Amino acid sequence: LEKPTGAMPKGGTGFGVLIFLTMGVFTLTYITLNKSRKINDEITQIYNPSVTVLEGLNLQIVRSKMLISNWVFIQRSDDHEEKMLLRNLVDKEYPEKKKQILQLAIKWKKEETDLALEIFNDINTLFINYQDIMEQLNSFQAYEESMVMFMVRPMVEGGEIDMQCNRIFQKLGKLITIQQQNTYKVSYEMIKSFDDLQFVVRNLGMALLAGSIVIAMLTVRTIVKPVQEVKAMLLRLGKGII
């Protein structure tokens, strides 16, 4: 009767290994899902909105450049629709877009935030030049003054405004690319974490199956077989065989 008692820890060890492997799968799954949820939040709340709002700012600068060119080259009244659009862009649309970017930039890296601040400074300088043109060409009579046109036209014909816009476009393109790369990077990390989880779960599943078979065999050896021996012993005792 001592044999079964001595062999029982083998079965206990097997069950312990099974429990350990199962807990390992659950723990790894929990960690991976939490990590993936965090990455998904970064994509949906930071990187994708950042790309969208930066592309919107880029479009605003493109529109503003077109509108200021029309302001200079097309003689219109001061209350013309296109002139009102430019004023609205400078006074309302751009400040709102800037506010959105600054809210997102709180979670950016320092170099990304610094680049955004450089862009804002360039845009402020650009809009100061816009304001100068808008003040000089504020009536039909102003378009007839050759000195005014002589000073204003070169600014939008390959001059200062063109150079400022190109500089802004270049920096905005760089910042947009950075945010897109951030999205790709964290997306790759999320996919990789799921691949790792799939690999581990598959292998641990096979290990659990193999472990279950081994434990079943150990159970037979440590419990069933000794019971059968005891049963046989009792039968022999019942027949008078000591």
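Scroll up to find the structure this text is about.
Residues numbered from 1 in each chain as written. Predicted model: local features only at pLDDT ≥ 70, side-chain atom pairs only at ≥ 80, totals over all residues. Heavy atoms only, no water.

1. Things to note about the nonpolar core
Then step 1. Formed by 47 residues in total, the largest nonpolar core has its most connected members in Trp108, Phe127, Tyr130, Ile133 and Leu137.
Then step 2. Counting residues per element, the ones that place at least two in this core are helix H1 (2-73), helix H2 (81-105), helix H3 (110-136), helix H4 (140-143), helix H5 (146-156) and helix H6 (160-238).
Then step 3. Counting residues per element, this core draws most heavily on H1, at 13 residues.
Then step 4. Once you skip the residues sitting within four places of it in the chain, Tyr130 turns out to touch Ser64, Lys65, Ile68, Leu86, Val90, Ile161 and Cys165. (Core = buried A, V, L, I, M, F, W, Y, C linked by side-chain atoms within 4.5 Å. Buried < 20%, exposed > 50% of the residue type's maximum accessible area, 1.4 Å probe, protein only. Helix = DSSP H or I, 4+ residues; strand = E, 2+ residues; numbered from the N terminus. Contact = heavy atoms within 4.5 Å.)

2. A look at H6
Then step 1. End to end, H6 covers 114 Å across 79 residues, agreeing with the expected 117 Å (1.5 Å per residue, within 8%).
Then step 2. For H6, the principal kink sits at Val220 and spans about 35 degrees.
Then step 3. Where H6 terminates, the next one or two residues include Gly240, which has phi positive at roughly 90 degrees. (Expected span 1.5 Å × (residues − 1). Bend = angle between axes of the 7 residues up to and from the residue.)

3. Overview of the pattern of salt bridges
Pairing between side chains becomes possible if they bear opposite charge and their charged atoms approach one another.
Then step 1. For the structure shown, the criterion picks out six salt bridges.
Then step 2. One salt bridge connects Asp114 with Lys110, and the closest N-O pair in it is separated by 2.9 Å. In this pair, Asp114 and Lys110 are both assigned in helix H3, four residues apart and thus about one turn of the helix distant.
Then step 3. Accessibility expressed as a relative area gives 32% for Asp114, which makes it partly exposed.
Then step 4. Judged by its relative accessible area of 61%, Lys110 is exposed.
Then step 5. Taken together, the salt bridges that share partners define one network made up of Glu118, Asp122 and Lys171. (Salt bridge = Lys/Arg side-chain N within 4 Å of Asp/Glu carboxyl O.)

4. Considerations on the side chain of Asn129
Then step 1. Here Asn129 lies in helix H3.
Then step 2. At 3.4 Å, the side chain of Asn129 forms a polar contact with the side chain of Glu160.
Then step 3. If we ignore the near neighbours within four places in the chain, the residues touching Asn129 are Met155, Glu160, Ile161 and Gln164. (Polar contact = N/O pair within 3.5 Å; in protein donor to acceptor, adjacent residues only side chain to side chain.)

5. As for the packing of aromatic side chains
Then step 1. The final tally for this structure, using the stated rule, is two aromatic pairs.
Then step 2. Note on Tyr94 and Phe127: the rings are 5.2 Å apart at their centroids and 85 degrees apart in plane angle, and the pair reads as edge-to-face. Within this pair, whereas Tyr94 is found in helix H2, its partner Phe127 is found in helix H3, the two being separated by 33 residues in sequence. Like Phe127, Tyr94 is buried. (Phe/Tyr/Trp six-rings, centres within 6.5 Å; stacked < 30°, edge-to-face > 60°.)

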